[in-house]
Amino acid sequence: MDTDLRSLTMEELKLFLKSLPQGRPEFSRTTAPADGGPSSRPTDKPPLACSSGSLLEFRAAQIFEWLHKHCAGSFDDMTNLPKVLREELKKVASIPKIKTSKKLQSSNKDAIKYLFETDKATIIESVWMKYSYGSAVCVSTQAGCRMGCVFCASSASFSGSLPAGDICAQVYAIQRDLNERVSRVVFMGCGEPLDNYDNFLAALRCLNSKQGQNIGQRNMTVSTCGLVPKIYALAGEGLQVTLAVSLHAPNDQLRQRLMPIARKYTVTEVLRACKYYGDKTKRRVTIEYALIKDVNDSRECARELAGKLRGAMFHVNLIPFNRVNVERGSTIAKDFLPADKESAENFTHILRNSGIPATLRRGLGEDVDAACGQLRSY
Ligand code: SAH
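The rules we used
- Residues numbered from 1 in each chain as written.
- Predicted model: local features only at pLDDT ≥ 70, side-chain atom pairs only at ≥ 80, totals over all residues.
- Helix = DSSP H or I, 4+ residues; strand = E, 2+ residues; numbered from the N terminus.
- Buried ≥ 20, exposed ≤ 12 C-beta atoms within 10 Å, placed from the backbone.
- Contact = placed C-beta atoms within 7 Å.
- Near = placed C-beta within 6 Å.
- Nonpolar A, V, L, I, M, F, W, Y, C, P; charged D, E, K, R; others polar.
- Core = buried A, V, L, I, M, F, W, Y, C linked by C-beta atoms within 7 Å.
- Expected span 1.5 Å × (residues − 1).
- Axes fitted to C-alpha atoms, helices over the stretch in contact; angles between N-to-C directions.
- Parallel < 35°, antiparallel > 145°, perpendicular 65-115°, else oblique.
- Left-handed = near helix turned anticlockwise from the far one by under 90°.
- Pairing = 2+ DSSP bridges.

**Q** What's the story with the overall build of the chain in this structure? I'm lost.
**A** Scanning the chain from terminus to terminus reveals 11 helices and 14 strands. Looking at the chain residue by residue over its 378 residues, the buried ones come to 46%. Here the analysis covers contacts within the chain between residues at least 6 apart in sequence; of these, 68% occur between residues at least 24 apart.

**Q** What should I look at first to understand the site of the ligand in this one?
**A** Of all residues adjacent to the ligand, which total 18 residues, the nearest are Cys152, Cys225, Ser246, Cys372 and Gly373. Partitioned by chemical class, the residues of the shell around the ligand number 11 nonpolar, five polar and two charged.

**Q** I tried to follow the nonpolar core on my own but got confused; where do I start?
**A** Judged by nonpolar contacts, the single largest core of 98 residues is most densely connected at Val185, Leu243 and Cys274. No other element matches the eight residues that helix H5 (residues 164-178) contributes to this core. Leu8, Leu17, Ala60 and Leu85 belong to the second largest nonpolar core, which has 17 residues in total.

**Q** Is there a simple way to think about the environment of glutamine 213 in this case?
**A** With respect to the helices, strands and loops of the structure, glutamine 213 is situated in the loop between helix H6 (197-208) and strand S10 (220-224). Residue class for glutamine 213 comes out buried when judged on the 20 C-beta atoms lying within 10 Å of it. C-alpha separation for the pair glutamine 213 and cysteine 168, spaced 45 residues apart in sequence, amounts to 9.8 Å.

**Q** Help me understand helix H3 (residues 53-68) in this model?
**A** One full turn of an α-helix is made of 3.6 residues, so residues set three or four places apart face in the same direction. Between its first and last C-alpha atoms H3 spans 22 Å; for 16 residues at 1.5 Å apiece the expected length is 22 Å, and the two agree. Within H3, the full set of buried residues consists of Leu55, Leu56, Arg59, Ala60, Ile63, Phe64, Trp66, Leu67 and His68.

**Q** Hey, could you run me through the packing of H5 against H6 in this one?
**A** Each pair of packed helices can be described by the angle between their axes along with the distance between the axes. At a minimum axis separation of 8 Å, H5 and H6 run at an interaxial angle of 45°. As the angle between them shows, H5 and H6 are arranged oblique. Regarding H5 and H6, the two cross each other, and that crossing is right-handed. Across the interface between the two elements, Ala164, Ile167, Cys168 and Val171 from H5 touch Asn199, Phe200, Ala202, Ala203, Cys206 and Leu207 from H6.

**Q** Sorry, what's going on with the packing of helix H10 (residues 299-309) against helix H11 (residues 341-353) here?
**A** Contact geometry of H10 with H11 gives a least axis separation of 9 Å together with a crossing angle of 25°. When the axis of H10 is compared with that of H11, the two are roughly parallel. Crossing of H10 over H11 shows right-handed handedness. Counted together, Arg299, Ala302, Arg303, Leu305 and Ala306 of H10 and Asn346, Phe347, Ile350 and Leu351 of H11 form the full contact between these two elements. Class assignment of the residues belonging to the contact of H10 with H11 gives a composition of six nonpolar, one polar and two charged.

**Q** Is there a simple way to explain unusual backbone geometry in this structure?
**A** Most of the time, phi is negative for any residue but glycine, and the peptide bond is trans. Positioned with a positive phi, asparagine 179 is a non-glycine residue whose angle comes to about 55°. Following the sequence through the fold, asparagine 179 ends up in the loop between H5 and strand S9 (184-187). The phi torsion at histidine 248 lies on the positive side, around 65°, for a residue other than glycine. Locating histidine 248 in the fold gives a position in the loop between strand S11 (242-246) and helix H8 (252-258).

**Q** What's the story with the sheet that holds S10 in this structure? I'm lost.
**A** Whenever strands of a sheet pair, they do so through backbone hydrogen bonds, lying parallel or antiparallel. Spatial strand order, S3-S4-S5-S6-S9-S10-S11-S12-S13-S14: 10 strands in an open sheet with mixed pairing. The outermost strands of the open sheet, each flanked by one partner alone, are strand S3 (98-105) and strand S14 (358-360). With direction set aside, neighbouring strand axes in the sheet form an average angle of 20°. Helix-sheet contacts for H5 involve S3, strand S4 (111-118), strand S5 (123-131), strand S6 (134-138) and S9, and the interaxial angle to S5 is about 50°. Strands S11, strand S12 (285-291) and strand S13 (314-320) of the sheet are contacted by helix H9 (residues 267-281), whose axis makes an angle of about 170° with S11.

**Q** Mind showing me how you'd approach the environment of valine 285 here?
**A** For valine 285, the location among the structural elements is in strand S12. Between the alpha carbons of valine 285 and valine 316 there is a distance of 8.5 Å; along the sequence they are 31 residues apart. Apart from the residues lying within four places of it in its own chain, the contact partners of valine 285 are Leu243, Val245, Cys274, Tyr277, Gly278, Met313 and Phe314.

**Q** Just to check I follow, could you spell out H6 for this structure?
**A** The end-to-end C-alpha separation of H6 is 16 Å, in line with the 16 Å expected for 12 residues at 1.5 Å each. For H6, the set of buried residues is Phe200, Leu201, Ala202, Ala203, Leu204, Cys206, Leu207 and Asn208. Here the buried face of H6 lies against H3, H5, S9 and S10.

See the structure below:
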């Protein structure tokens, strides 16, 4: 099977090039690196070129730049590679494409929802969001989701995890379409990023790479429903990305009604993992909490939550609950309504008065089904 080159990190790309037939003169025949790599003359001394040293690094960097900086769609675009290398790559590798199949702009123009279609006919949803400080893209990591949160439209179906290249390509396609640089990426679209851990991580590394878009780790946020072992794993990756954890309830009993994952990991275990992540990375962890009328928006819930969050570096993001039309999933959430303004404000005040930083977020893109929880795979 062809190797999907856009899904490889720089290190993986080097290994891939190394695995190509060794010592071929064609890899060494053209432009050698300025730092005195192998000569430009074919030689009978094996192995050469991509097999080791600076030329391999040089070629990997060229290819990576084509894929992640210039967002090339074909090997023929890679005009500074020797033609023979391009031909070789065509035989063993591919560059999967995504094409825009729908684009919907919210009425106040602060959000655009994109539907992309992959070569394999998978539909991917992404959202571009305008903020005062720039723009962010919310990317999907899976087509659908298998976590089953009752209030989330993404739970309605699952048709697979996305390769890293398709995760990155969402950002590139939107940048190209809007002709602007995206300064922030949030892994908060369809799917559970930590349920697609390796691909999500590879995408993050590619987006962060200086040879790619160079999007700062601190400008990226990953949101998880709370896969505890994976939070510990992420804490060990030596990254500076913001972790956001969807809690939505202050205790196990209520959380288990809303999120099946709560039957696997308790609130205490989730918060312990968050604290570990915060201590390890020195980054403030965000706790996400969608306020649902008469379900989790009471003063008691706020006080209980405040009690559990005290003493750690947490910030609570209070998300306005977005009504979703879940057809195939659970019917429990059908009647869920957003908390009214007064209880949302009370909730916020209780947290703040207990010393917990809390933000009541504005809704974005609800009219085009681009808001939290409204993404699904068609
Ligand atoms: N799987 C990840 C990313 C999911 S979507 C996670 O669970 O965090 C991003 C956020 O939207 C999560 O906090 C999710 O719980 C929240 N969300 C899902 N459905 C929602 C809805 N109907 N209204 C408001 N927020 C919702």
